[in-house]
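Chain by chain, the residues:
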Amino acid sequence: MPQKRIHLNAFSMNCVSHIQHGLWTRPDTRQLEFNRLEPWIELAQLLEKGGFDALFLADVIGTYDNYRGSAETSIAEAMQIPVNDPMMLIPAMAHATEHLGFAFTSSVLQALPFTFARQASTLDHLTQGRLAWNVVTSYLPNAGTNLGYDGLPPHDERYARAEEYLDVTYKLWEGSWEDDAVLSDTARGIYADPAKIHPINHSGKYYQVAGPHLCEPSPQRTPLLFQAGSSDRGREFAAKHAECVFIYASLRNLRDTTSIIEDIRARAVRQGRQGEDILFFQGVTPVVGGTEAEAKAKEAEYIEQGSVEGGIAHMSGTIGVDLGVIDLDVPLDSLEINAMQGIIKGLIDSAPDKSLTFRDLVRKRSSGRFLTGTPEQIADTFEAWHEAGVDGFNIVYAVTPGTFADFIDGVVPVLRRRGLVQSEYTPGTLREKIFGRKLLPESHAAAAYRRG
Ligand SMILES: Cc1cc2nc3c(=O)[nH]c(=O)nc-3n(C[C@H](O)[C@H](O)[C@H](O)COP(=O)(O)O)c2cc1C
(Lines give C-alpha, C1' and ligand atoms only; values in the text may rest on other atoms or scores of the structure.)
Protein backbone atom coordinates (compact mmCIF):
# COMPACT_ATOMS: atom_id res chain seq x y z
CA MET A 1 0.00 0.00 0.00
CA PRO A 2 1.20 3.53 -0.75
CA GLN A 3 0.91 4.43 2.97
CA LYS A 4 3.96 2.37 3.89
CA ARG A 5 6.43 4.38 1.88
CA ILE A 6 8.00 7.56 3.22
CA HIS A 7 6.08 10.57 1.96
CA LEU A 8 8.00 13.69 1.02
CA ASN A 9 6.99 17.32 0.70
CA ALA A 10 9.13 20.34 0.02
CA PHE A 11 8.28 23.29 2.27
CA SER A 12 8.63 26.74 0.77
CA MET A 13 6.95 30.12 0.64
CA ASN A 14 6.47 32.68 -2.12
CA CYS A 15 8.91 35.08 -0.49
CA VAL A 16 12.64 35.74 0.04
CA SER A 17 13.21 34.35 3.54
CA HIS A 18 10.98 31.61 4.90
CA ILE A 19 12.38 29.76 7.96
CA GLN A 20 16.19 29.85 8.05
CA HIS A 21 16.69 33.58 7.96
CA GLY A 22 19.74 35.44 6.73
CA LEU A 23 20.80 32.81 4.20
CA TRP A 24 19.16 34.57 1.25
CA THR A 25 22.39 36.56 0.84
CA ARG A 26 24.37 33.46 -0.16
CA PRO A 27 25.35 33.08 -3.82
CA ASP A 28 24.13 29.46 -3.93
CA THR A 29 20.44 30.14 -3.29
CA ARG A 30 17.72 31.39 -5.64
CA GLN A 31 15.58 33.06 -2.98
CA LEU A 32 16.01 36.47 -4.63
CA GLU A 33 14.31 35.14 -7.78
CA PHE A 34 11.01 34.42 -6.02
CA ASN A 35 9.15 36.99 -8.16
CA ARG A 36 9.86 35.00 -11.32
CA LEU A 37 8.26 31.77 -12.55
CA GLU A 38 11.43 29.97 -13.67
CA PRO A 39 12.83 29.00 -10.26
CA TRP A 40 9.43 27.66 -9.19
CA ILE A 41 8.96 25.64 -12.35
CA GLU A 42 12.47 24.22 -12.10
CA LEU A 43 11.90 23.41 -8.42
CA ALA A 44 8.66 21.57 -9.22
CA GLN A 45 10.40 19.54 -11.92
CA LEU A 46 13.26 18.69 -9.56
CA LEU A 47 10.84 17.53 -6.84
CA GLU A 48 9.00 15.34 -9.30
CA LYS A 49 12.29 13.74 -10.31
CA GLY A 50 12.84 13.02 -6.60
CA GLY A 51 9.46 11.30 -6.16
CA PHE A 52 8.12 14.01 -3.83
CA ASP A 53 4.42 13.98 -3.11
CA ALA A 54 3.97 17.72 -3.03
CA LEU A 55 5.39 21.20 -2.85
CA PHE A 56 3.91 22.74 0.29
CA LEU A 57 3.61 26.53 0.25
CA ALA A 58 3.24 28.41 3.51
CA ASP A 59 1.65 31.85 3.65
CA VAL A 60 0.89 34.75 5.96
CA ILE A 61 -1.32 37.75 5.36
CA GLY A 62 0.36 40.21 7.68
CA THR A 63 3.77 41.28 8.87
CA TYR A 64 5.66 40.10 11.95
CA ASP A 65 5.58 43.47 13.65
CA ASN A 66 5.97 42.98 17.39
CA TYR A 67 9.76 42.50 17.66
CA ARG A 68 10.96 45.67 19.40
CA GLY A 69 7.50 46.99 18.72
CA SER A 70 7.78 47.25 14.92
CA ALA A 71 8.13 45.45 11.59
CA GLU A 72 11.54 47.03 10.94
CA THR A 73 13.66 43.92 11.44
CA SER A 74 11.26 41.77 9.42
CA ILE A 75 11.27 44.22 6.54
CA ALA A 76 15.02 44.80 6.57
CA GLU A 77 15.71 41.06 6.58
CA ALA A 78 12.95 40.08 4.10
CA MET A 79 11.53 37.89 6.85
CA GLN A 80 8.32 36.72 5.16
CA ILE A 81 7.86 40.15 3.61
CA PRO A 82 7.60 40.74 0.68
CA VAL A 83 5.35 37.70 0.31
CA ASN A 84 3.37 36.91 -2.82
CA ASP A 85 0.21 34.86 -3.14
CA PRO A 86 1.03 31.13 -3.21
CA MET A 87 -2.01 30.08 -5.28
CA MET A 88 -0.87 32.04 -8.31
CA LEU A 89 2.22 29.87 -8.75
CA ILE A 90 0.33 26.63 -9.05
CA PRO A 91 -0.98 26.56 -12.65
CA ALA A 92 2.44 27.24 -14.16
CA MET A 93 4.11 24.57 -12.03
CA ALA A 94 1.32 22.10 -12.73
CA HIS A 95 1.70 22.65 -16.46
CA ALA A 96 5.39 21.80 -16.23
CA THR A 97 4.87 18.58 -14.22
CA GLU A 98 2.66 15.52 -14.36
CA HIS A 99 2.39 14.09 -10.86
CA LEU A 100 3.63 16.51 -8.22
CA GLY A 101 0.99 17.78 -5.81
CA PHE A 102 0.63 21.41 -4.74
CA ALA A 103 -0.35 22.21 -1.17
CA PHE A 104 -1.00 25.88 -0.53
CA THR A 105 -1.85 27.69 2.66
CA SER A 106 -4.95 29.83 2.94
CA SER A 107 -6.35 31.28 6.14
CA VAL A 108 -10.04 31.09 6.95
CA LEU A 109 -9.86 34.81 7.71
CA GLN A 110 -8.63 35.68 4.27
CA ALA A 111 -11.34 35.15 1.65
CA LEU A 112 -15.03 34.41 1.94
CA PRO A 113 -15.58 30.64 1.81
CA PHE A 114 -17.63 30.97 -1.37
CA THR A 115 -14.85 32.80 -3.21
CA PHE A 116 -12.20 30.49 -1.81
CA ALA A 117 -14.11 27.31 -2.76
CA ARG A 118 -14.30 28.59 -6.33
CA GLN A 119 -10.58 29.35 -6.47
CA ALA A 120 -9.71 25.93 -5.08
CA SER A 121 -12.05 24.08 -7.46
CA THR A 122 -10.53 25.97 -10.37
CA LEU A 123 -7.05 24.94 -9.28
CA ASP A 124 -8.12 21.34 -8.69
CA HIS A 125 -9.42 21.29 -12.28
CA LEU A 126 -6.32 22.93 -13.72
CA THR A 127 -3.98 20.58 -11.86
CA GLN A 128 -6.15 17.56 -12.68
CA GLY A 129 -6.68 16.84 -9.02
CA ARG A 130 -3.24 17.56 -7.60
CA LEU A 131 -4.33 20.23 -5.13
CA ALA A 132 -4.04 20.30 -1.34
CA TRP A 133 -5.16 23.05 1.03
CA ASN A 134 -3.32 23.80 4.27
CA VAL A 135 -6.11 25.15 6.47
CA VAL A 136 -4.82 27.80 8.88
CA THR A 137 -6.48 30.20 11.26
CA SER A 138 -3.72 32.91 11.28
CA TYR A 139 -1.72 34.12 14.24
CA LEU A 140 -0.42 37.57 13.26
CA PRO A 141 -2.45 40.50 14.64
CA ASN A 142 -1.58 42.48 11.50
CA ALA A 143 -3.45 39.83 9.44
CA GLY A 144 -6.57 40.61 11.45
CA THR A 145 -6.27 44.34 10.93
CA ASN A 146 -5.50 43.88 7.22
CA LEU A 147 -8.66 41.89 6.71
CA GLY A 148 -11.18 44.17 8.33
CA TYR A 149 -11.29 42.56 11.76
CA ASP A 150 -10.91 44.59 14.89
CA GLY A 151 -7.54 42.94 15.60
CA LEU A 152 -7.04 39.20 15.32
CA PRO A 153 -10.18 37.36 16.48
CA PRO A 154 -9.45 35.33 19.65
CA HIS A 155 -7.89 31.88 19.20
CA ASP A 156 -10.97 29.74 19.84
CA GLU A 157 -13.19 32.03 17.82
CA ARG A 158 -10.83 31.60 14.88
CA TYR A 159 -11.30 27.84 15.15
CA ALA A 160 -15.09 28.28 15.44
CA ARG A 161 -14.94 30.29 12.23
CA ALA A 162 -12.79 27.60 10.67
CA GLU A 163 -15.39 24.94 11.52
CA GLU A 164 -18.12 26.91 9.79
CA TYR A 165 -15.85 27.87 6.91
CA LEU A 166 -15.15 24.20 6.23
CA ASP A 167 -18.84 23.35 6.47
CA VAL A 168 -19.58 25.92 3.77
CA THR A 169 -16.80 24.70 1.49
CA TYR A 170 -17.80 21.04 1.99
CA LYS A 171 -21.37 21.90 1.06
CA LEU A 172 -20.15 23.62 -2.11
CA TRP A 173 -17.56 21.02 -3.09
CA GLU A 174 -19.35 17.83 -2.10
CA GLY A 175 -23.06 18.59 -2.16
CA SER A 176 -23.91 21.28 -4.67
CA TRP A 177 -23.37 19.43 -7.94
CA GLU A 178 -24.36 15.79 -8.22
CA ASP A 179 -21.92 13.41 -9.89
CA ASP A 180 -23.98 13.18 -13.08
CA ALA A 181 -25.00 16.85 -13.23
CA VAL A 182 -22.72 17.60 -16.18
CA LEU A 183 -24.10 16.13 -19.39
CA SER A 184 -22.02 17.98 -21.97
CA ASP A 185 -24.60 16.78 -24.48
CA THR A 186 -23.64 18.42 -27.76
CA ALA A 187 -26.43 16.68 -29.70
CA ARG A 188 -29.18 18.20 -27.54
CA GLY A 189 -27.23 21.35 -26.68
CA ILE A 190 -27.54 20.71 -22.94
CA TYR A 191 -24.43 21.24 -20.88
CA ALA A 192 -25.75 20.44 -17.41
CA ASP A 193 -28.94 19.18 -15.78
CA PRO A 194 -30.44 21.98 -13.67
CA ALA A 195 -32.23 19.41 -11.46
CA LYS A 196 -28.88 18.07 -10.30
CA ILE A 197 -27.31 21.35 -9.22
CA HIS A 198 -28.36 22.59 -5.83
CA PRO A 199 -28.14 25.75 -3.80
CA ILE A 200 -26.61 25.18 -0.37
CA ASN A 201 -28.60 27.85 1.51
CA HIS A 202 -26.08 27.97 4.32
CA SER A 203 -27.08 30.26 7.14
CA GLY A 204 -24.71 30.28 10.10
CA LYS A 205 -23.13 32.49 12.71
CA TYR A 206 -20.41 33.85 10.44
CA TYR A 207 -21.46 33.11 6.87
CA GLN A 208 -24.57 33.28 4.72
CA VAL A 209 -24.10 31.47 1.41
CA ALA A 210 -26.87 30.63 -1.05
CA GLY A 211 -24.98 28.74 -3.77
CA PRO A 212 -24.97 26.82 -5.98
CA HIS A 213 -21.22 26.35 -6.32
CA LEU A 214 -20.05 28.02 -9.50
CA CYS A 215 -17.66 25.24 -10.52
CA GLU A 216 -18.59 21.79 -11.70
CA PRO A 217 -17.10 18.97 -9.58
CA SER A 218 -13.32 18.91 -9.80
CA PRO A 219 -11.38 15.62 -9.75
CA GLN A 220 -11.01 15.51 -5.95
CA ARG A 221 -14.02 17.71 -5.15
CA THR A 222 -12.54 18.68 -1.75
CA PRO A 223 -8.78 19.25 -2.16
CA LEU A 224 -6.52 17.09 0.02
CA LEU A 225 -6.65 18.70 3.48
CA PHE A 226 -3.53 19.66 5.41
CA GLN A 227 -3.45 21.22 8.86
CA ALA A 228 -0.73 22.33 11.25
CA GLY A 229 -2.29 23.59 14.49
CA SER A 230 -0.86 22.27 17.71
CA SER A 231 -3.09 23.60 20.52
CA ASP A 232 -5.77 21.42 22.05
CA ARG A 233 -8.37 23.08 19.83
CA GLY A 234 -6.04 22.77 16.83
CA ARG A 235 -5.53 19.05 17.42
CA GLU A 236 -9.28 18.48 17.71
CA PHE A 237 -9.71 20.34 14.43
CA ALA A 238 -7.01 18.23 12.78
CA ALA A 239 -8.59 15.04 14.10
CA LYS A 240 -11.90 15.98 12.50
CA HIS A 241 -10.76 17.46 9.20
CA ALA A 242 -7.13 16.85 8.30
CA GLU A 243 -5.82 14.15 5.99
CA CYS A 244 -2.21 15.25 6.48
CA VAL A 245 -0.77 17.01 9.52
CA PHE A 246 2.45 18.99 9.56
CA ILE A 247 4.45 18.77 12.80
CA TYR A 248 7.51 20.90 13.44
CA ALA A 249 8.66 19.59 16.82
CA SER A 250 12.35 19.57 17.68
CA LEU A 251 14.31 16.78 16.04
CA ARG A 252 16.17 16.04 19.24
CA ASN A 253 13.29 14.22 20.86
CA LEU A 254 11.34 11.84 18.67
CA ARG A 255 8.87 11.30 21.51
CA ASP A 256 7.58 14.90 21.10
CA THR A 257 6.51 14.04 17.58
CA THR A 258 5.16 10.56 18.22
CA SER A 259 3.08 11.71 21.18
CA ILE A 260 1.39 14.35 18.98
CA ILE A 261 0.72 11.66 16.37
CA GLU A 262 -0.77 9.26 18.92
CA ASP A 263 -2.89 12.00 20.44
CA ILE A 264 -4.36 13.23 17.14
CA ARG A 265 -4.95 9.67 15.90
CA ALA A 266 -6.82 8.80 19.14
CA ARG A 267 -8.94 11.95 18.75
CA ALA A 268 -9.69 11.02 15.12
CA VAL A 269 -10.87 7.56 16.16
CA ARG A 270 -13.17 9.17 18.76
CA GLN A 271 -14.64 11.20 15.87
CA GLY A 272 -15.44 8.04 13.93
CA ARG A 273 -12.43 8.13 11.62
CA GLN A 274 -9.61 5.60 11.24
CA GLY A 275 -6.21 6.41 12.70
CA GLU A 276 -4.58 5.76 9.33
CA ASP A 277 -6.85 8.31 7.63
CA ILE A 278 -4.30 10.92 8.76
CA LEU A 279 -0.67 11.04 7.71
CA PHE A 280 1.90 12.97 9.76
CA PHE A 281 4.78 14.94 8.27
CA GLN A 282 7.72 16.07 10.38
CA GLY A 283 9.58 19.24 9.33
CA VAL A 284 13.34 18.83 8.88
CA THR A 285 16.27 20.48 7.09
CA PRO A 286 18.65 17.79 5.82
CA VAL A 287 22.21 19.04 5.43
CA VAL A 288 23.90 16.48 3.21
CA GLY A 289 27.64 16.03 2.73
CA GLY A 290 29.85 13.51 0.95
CA THR A 291 31.42 12.87 4.35
CA GLU A 292 30.15 13.63 7.83
CA ALA A 293 32.85 16.29 8.22
CA GLU A 294 31.79 17.99 5.00
CA ALA A 295 28.15 18.01 6.10
CA LYS A 296 29.09 19.40 9.52
CA ALA A 297 31.15 22.15 7.91
CA LYS A 298 28.17 23.11 5.77
CA GLU A 299 25.90 23.18 8.81
CA ALA A 300 28.41 25.34 10.70
CA GLU A 301 28.35 27.81 7.80
CA TYR A 302 24.54 27.97 7.84
CA ILE A 303 24.53 28.58 11.58
CA GLU A 304 27.25 31.20 11.33
CA GLN A 305 25.50 33.06 8.49
CA GLY A 306 21.98 32.65 9.86
CA SER A 307 20.37 35.81 11.16
CA VAL A 308 19.65 35.60 14.88
CA GLU A 309 17.61 38.80 14.78
CA GLY A 310 15.53 37.51 11.86
CA GLY A 311 14.94 34.33 13.83
CA ILE A 312 13.88 36.25 16.92
CA ALA A 313 11.56 38.53 14.95
CA HIS A 314 9.97 35.38 13.49
CA MET A 315 9.67 33.72 16.89
CA SER A 316 8.27 36.90 18.48
CA GLY A 317 5.51 37.07 15.87
CA THR A 318 4.72 33.37 16.13
CA ILE A 319 4.36 33.33 19.91
CA GLY A 320 2.89 36.83 20.12
CA VAL A 321 5.51 38.08 22.59
CA ASP A 322 8.21 40.66 21.88
CA LEU A 323 11.48 38.86 22.58
CA GLY A 324 13.33 42.11 21.87
CA VAL A 325 13.24 42.82 25.61
CA ILE A 326 15.89 40.14 26.16
CA ASP A 327 19.56 41.10 26.12
CA LEU A 328 21.06 38.82 23.46
CA ASP A 329 24.57 38.72 24.81
CA VAL A 330 24.49 38.09 28.54
CA PRO A 331 24.40 34.58 30.05
CA LEU A 332 20.87 33.33 30.61
CA ASP A 333 21.46 32.89 34.32
CA SER A 334 22.13 36.59 34.76
CA LEU A 335 18.90 37.68 33.02
CA GLU A 336 16.16 39.01 35.26
CA ILE A 337 13.80 36.23 34.34
CA ASN A 338 11.47 36.58 37.30
CA ALA A 339 10.13 39.80 35.91
CA MET A 340 9.52 38.25 32.51
CA GLN A 341 6.43 36.82 30.96
CA GLY A 342 5.87 33.09 31.45
CA ILE A 343 6.52 32.25 27.83
CA ILE A 344 9.97 33.87 27.89
CA LYS A 345 10.78 32.21 31.18
CA GLY A 346 9.75 28.89 29.63
CA LEU A 347 12.11 29.43 26.69
CA ILE A 348 15.00 30.23 28.98
CA ASP A 349 14.21 27.37 31.34
CA SER A 350 14.37 24.99 28.37
CA ALA A 351 18.06 25.84 27.79
CA PRO A 352 20.24 22.94 28.90
CA ASP A 353 23.07 25.25 29.91
CA LYS A 354 22.34 28.56 31.59
CA SER A 355 25.78 29.98 30.82
CA LEU A 356 24.61 30.30 27.21
CA THR A 357 23.34 33.64 25.96
CA PHE A 358 19.93 34.11 24.34
CA ARG A 359 21.78 34.50 21.02
CA ASP A 360 23.30 31.02 21.53
CA LEU A 361 19.90 29.62 22.46
CA VAL A 362 18.25 30.95 19.29
CA ARG A 363 21.10 29.54 17.19
CA LYS A 364 20.68 26.18 18.88
CA ARG A 365 16.94 26.21 18.22
CA SER A 366 17.37 26.84 14.55
CA SER A 367 20.20 24.33 14.20
CA GLY A 368 17.94 21.89 16.07
CA ARG A 369 15.98 21.68 12.81
CA PHE A 370 19.04 20.45 10.88
CA LEU A 371 19.64 16.79 10.23
CA THR A 372 23.26 16.70 9.17
CA GLY A 373 25.29 13.84 7.76
CA THR A 374 26.06 11.60 4.83
CA PRO A 375 23.21 10.34 2.66
CA GLU A 376 23.31 6.99 4.49
CA GLN A 377 23.18 8.63 7.92
CA ILE A 378 20.24 10.81 6.96
CA ALA A 379 18.45 7.87 5.34
CA ASP A 380 18.99 5.84 8.54
CA THR A 381 17.35 8.56 10.63
CA PHE A 382 14.44 8.91 8.21
CA GLU A 383 13.96 5.16 8.30
CA ALA A 384 14.06 5.05 12.11
CA TRP A 385 11.53 7.89 12.37
CA HIS A 386 9.33 6.23 9.81
CA GLU A 387 9.40 2.99 11.79
CA ALA A 388 8.44 4.97 14.90
CA GLY A 389 5.28 6.20 13.17
CA VAL A 390 6.23 9.34 11.19
CA ASP A 391 4.61 8.96 7.77
CA GLY A 392 6.59 11.58 5.94
CA PHE A 393 8.78 14.64 6.00
CA ASN A 394 8.34 18.26 5.05
CA ILE A 395 11.79 19.27 3.85
CA VAL A 396 12.55 22.82 5.02
CA TYR A 397 15.22 24.53 2.95
CA ALA A 398 18.33 26.33 4.14
CA VAL A 399 19.14 27.26 0.54
CA THR A 400 16.83 26.66 -2.42
CA PRO A 401 16.87 24.59 -4.50
CA GLY A 402 20.19 23.39 -3.01
CA THR A 403 18.71 21.72 0.09
CA PHE A 404 16.17 19.86 -2.08
CA ALA A 405 18.71 19.03 -4.81
CA ASP A 406 21.28 17.64 -2.35
CA PHE A 407 18.58 15.55 -0.72
CA ILE A 408 17.29 14.26 -4.04
CA ASP A 409 20.76 13.51 -5.43
CA GLY A 410 22.13 12.01 -2.22
CA VAL A 411 19.46 10.66 0.11
CA VAL A 412 16.58 9.73 -2.22
CA PRO A 413 18.61 7.06 -4.10
CA VAL A 414 19.50 5.42 -0.76
CA LEU A 415 15.87 5.47 0.37
CA ARG A 416 14.77 4.14 -3.00
CA ARG A 417 17.22 1.24 -2.75
CA ARG A 418 15.58 0.44 0.58
CA GLY A 419 12.14 0.54 -1.05
CA LEU A 420 11.11 3.55 1.06
CA VAL A 421 10.69 6.30 -1.54
CA GLN A 422 8.65 5.83 -4.68
CA SER A 423 10.43 5.54 -8.03
CA GLU A 424 7.20 5.89 -9.96
CA TYR A 425 4.01 7.70 -9.16
CA THR A 426 0.63 6.03 -8.80
CA PRO A 427 -1.66 7.40 -11.52
CA GLY A 428 -4.51 9.70 -10.60
CA THR A 429 -5.20 12.53 -8.23
CA LEU A 430 -3.04 13.54 -5.25
CA ARG A 431 -5.44 11.76 -2.89
CA GLU A 432 -5.21 8.62 -5.03
CA LYS A 433 -1.43 8.77 -4.98
CA ILE A 434 -1.35 9.12 -1.21
CA PHE A 435 -4.42 7.27 0.05
CA GLY A 436 -5.48 5.20 -2.96
CA ARG A 437 -8.87 6.97 -3.18
CA LYS A 438 -10.09 9.89 -5.23
CA LEU A 439 -12.55 11.37 -2.76
CA LEU A 440 -12.71 11.81 1.00
CA PRO A 441 -13.89 8.60 2.71
CA GLU A 442 -17.44 8.21 4.01
CA SER A 443 -16.20 8.57 7.61
CA HIS A 444 -15.02 12.15 6.96
CA ALA A 445 -17.21 15.08 8.03
CA ALA A 446 -17.43 16.35 4.44
CA ALA A 447 -19.14 13.19 3.24
CA ALA A 448 -22.29 14.09 5.20
CA TYR A 449 -23.02 16.76 2.59
CA ARG A 450 -23.03 14.39 -0.37
CA ARG A 451 -26.24 13.63 -2.17
CA GLY A 452 -27.49 10.22 -3.24
C1 LIG B 1 4.49 23.51 11.13
C2 LIG B 1 3.51 24.62 11.11
C3 LIG B 1 3.33 25.37 9.94
C4 LIG B 1 2.42 26.41 9.89
N5 LIG B 1 2.28 27.15 8.75
C6 LIG B 1 1.46 28.22 8.77
C7 LIG B 1 1.36 29.08 7.65
O8 LIG B 1 2.00 28.88 6.63
N9 LIG B 1 0.54 30.16 7.73
C10 LIG B 1 -0.20 30.42 8.85
O11 LIG B 1 -0.94 31.40 8.86
N12 LIG B 1 -0.14 29.61 9.92
C13 LIG B 1 0.68 28.54 9.90
N14 LIG B 1 0.76 27.77 11.00
C15 LIG B 1 -0.12 28.09 12.13
C16 LIG B 1 -1.21 27.09 12.38
O17 LIG B 1 -1.81 26.58 11.24
C18 LIG B 1 -2.28 27.60 13.34
O19 LIG B 1 -3.12 28.53 12.73
C20 LIG B 1 -1.62 28.21 14.51
O21 LIG B 1 -0.59 27.34 14.92
C22 LIG B 1 -2.61 28.43 15.64
O23 LIG B 1 -3.20 27.25 15.99
P24 LIG B 1 -2.77 26.41 17.23
O25 LIG B 1 -2.92 27.33 18.39
O26 LIG B 1 -3.76 25.28 17.26
O27 LIG B 1 -1.37 25.95 17.02
C28 LIG B 1 1.66 26.72 11.05
C29 LIG B 1 1.84 25.96 12.22
C30 LIG B 1 2.74 24.92 12.26
C31 LIG B 1 2.88 24.14 13.53
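Note: the structure precedes this text.
Residues numbered from 1 in each chain as written. Predicted model: local features only at pLDDT ≥ 70, side-chain atom pairs only at ≥ 80, totals over all residues. Heavy atoms only, no water.

A. How the structure looks around the layout of surface pockets. Empty space within the second largest pocket amounts to approximately 190 Å³. Along the wall of the second largest pocket there are 14 residues; nearest its centre are Arg30, Pro39, Leu43, Thr400 and Pro401. Among the secondary structure elements, those contributing two or more residues to the lining of the second largest pocket are strand E1 (7-13) and helix H1 (38-49). (1 Å grid on protein atoms, 1.4 Å probe; cavity = no way out; pocket = protein on both sides within 12 Å on 5 of 7 lines; lining within 4 Å. Points joined across faces, edges and corners; volume = space filled by probe spheres on them. Helix = DSSP H or I, 4+ residues; strand = E, 2+ residues; numbered from the N terminus.)

B. The arrangement of the environment of Glu77 in detail. Relative to the helices and strands, Glu77 resides in the loop between helix H2 (72-76) and helix H3 (90-95). In sequence terms Glu77 and Thr25 are 52 residues apart; their C-alpha atoms lie 9.9 Å from each other. If we ignore the near neighbours within four places in the chain, the residues touching Glu77 are Ser17, Trp24, Ser307, Glu309 and Gly310. Only 2.4 Å separates the side chain of Glu77 from the side chain of Ser307, close enough to count as a polar contact. (Contact = heavy atoms within 4.5 Å. Polar contact = N/O pair within 3.5 Å; in protein donor to acceptor, adjacent residues only side chain to side chain.)

C. Structural context of helix H13 (residues 375-387). When the terminal C-alpha atoms of H13 are compared, their 18 Å separation across 13 residues agrees well with the 18 Å that a helix rising 1.5 Å per residue should span. Against the buried residues of H13 lie E1, helix H8 (254-270), strand E11 (279-288), strand E12 (370-373), strand E13 (392-396) and helix H14 (402-417). (Expected span 1.5 Å × (residues − 1).)

D. Main features of empty space enclosed by the protein. Counted by the stated rule, this structure contains 2 cavities of 30 Å³ or more. Broken down by class, the residue content of the lining of the largest cavity amounts to 5 nonpolar, 3 polar and 2 charged. Its volume calculated, the second largest cavity comes out at about 40 Å³. Forming the boundary of the second largest cavity are Pro286, Val287, Val288, Lys298, Tyr302, Thr403 and Asp406. Breaking the lining of the second largest cavity down by element, the ones donating at least two residues are E11, helix H9 (292-305) and H14. If you tally residues by element for the lining of the second largest cavity, the top one is E11, at 3 residues. Residues of the lining of the second largest cavity, tallied by class, amount to 4 nonpolar, 1 polar and 2 charged. (Nonpolar A, V, L, I, M, F, W, Y, C, P; charged D, E, K, R; others polar.)

E. Region of the structure containing the nonpolar core. Counting 82 residues, the largest nonpolar core has Leu55, Trp133, Phe382 and Phe407 as the members making the most contacts within it. In contact with Leu55, not counting residues within four places along its chain, are Ala10, Ser12, Trp40, Leu43, Leu47, Met93, Leu100, Gly101, Phe102 and Ala103. By size, the runner-up hydrophobic cluster in this structure holds 41 residues, among which are Leu224, Leu279, Phe281 and Leu335. (Core = buried A, V, L, I, M, F, W, Y, C linked by side-chain atoms within 4.5 Å. Buried < 20%, exposed > 50% of the residue type's maximum accessible area, 1.4 Å probe, protein only.)

F. Focus on the packing of aromatic side chains. Under the definition given, this model contains 21 aromatic pairs. With centroids separated by 6.0 Å and ring planes inclined at 80 degrees, the aromatic side chains of Trp133 and Trp173 adopt a geometry described as edge-to-face. You can see Trp133 sitting in strand E4 (residues 131-136) and its partner Trp173 sitting in helix H6 (residues 155-175), a full 40 residues away along the chain. Trp173 matches Trp133 in its accessibility class, with the two residues each being buried. In textbook terms, an aromatic cluster arises when at least three aromatic residues are bridged by ring pairs, as seen for Phe104, Phe116, Trp133, Tyr165, Trp173, Tyr206 and Tyr207. Sitting over the face of the ring of Tyr248, Arg369 holds its NZ or CZ atom 4.2 Å from the ring centroid. (Phe/Tyr/Trp six-rings, centres within 6.5 Å; stacked < 30°, edge-to-face > 60°. Lys NZ or Arg CZ within 6 Å of the ring centre and 35° of its normal.)

G. Representation of the side chain of Thr169 within the structure. Of note, Thr169 is situated in helix H6. Among the residues examined, Thr169 registers a relative accessible area of 0% and is labelled buried. For Thr169, the contacting residues outside a window of four places in its chain are Pro113, Phe116, Ala117 and Trp133.

H. Structural detail: the pattern of salt bridges. All told, the structure shown has 30 salt bridges when counted by the stated rule. In this structure, Glu174 and Arg450 form a salt bridge, with 2.8 Å as the shortest nitrogen-oxygen distance. Residue Glu174 is located in helix H6, and its partner Arg450 is located in the segment after helix H15 (430-435); the two are separated by 276 residues in the primary sequence. Through salt bridges with shared partners, a single network forms among Asp232, Arg235, Glu236, Asp263 and Arg267. (Salt bridge = Lys/Arg side-chain N within 4 Å of Asp/Glu carboxyl O.)

I. Up close: the environment of Lys298. Tracing the backbone through its elements, the reader meets Lys298 in helix H9. The exposure class of Lys298 is partly exposed, given its relative accessible area of 21%. Sequence separation of Lys298 and Gly342 is 44 residues, and the distance between their C-alpha atoms is 35 Å. Here Lys298 is in contact with Val287, Val288 and Asp406, once residues within four sequence places are set aside.

J. Just unusual backbone geometry, in detail. Here the residue pair Ile81 and Pro82 is connected by a cis peptide bond, since its omega of 0 degrees sits within 30 degrees of zero. Here Pro82 lies in the loop between H2 and H3. Here the bond from Gly211 into Pro212 is cis, since omega is 5 degrees, no more than 30 degrees from zero. Looking at the element boundaries, Pro212 is found in the loop between strand E8 (208-209) and strand E9 (224-227). Of note in this structure, Gln80 is not a glycine but carries a positive phi near 60 degrees. One can find Gln80 in the loop between H2 and H3. For Gln80, a relative accessible area of 4% corresponds to the buried category. In this structure, Ser138 takes a positive phi of about 70 degrees despite not being glycine.

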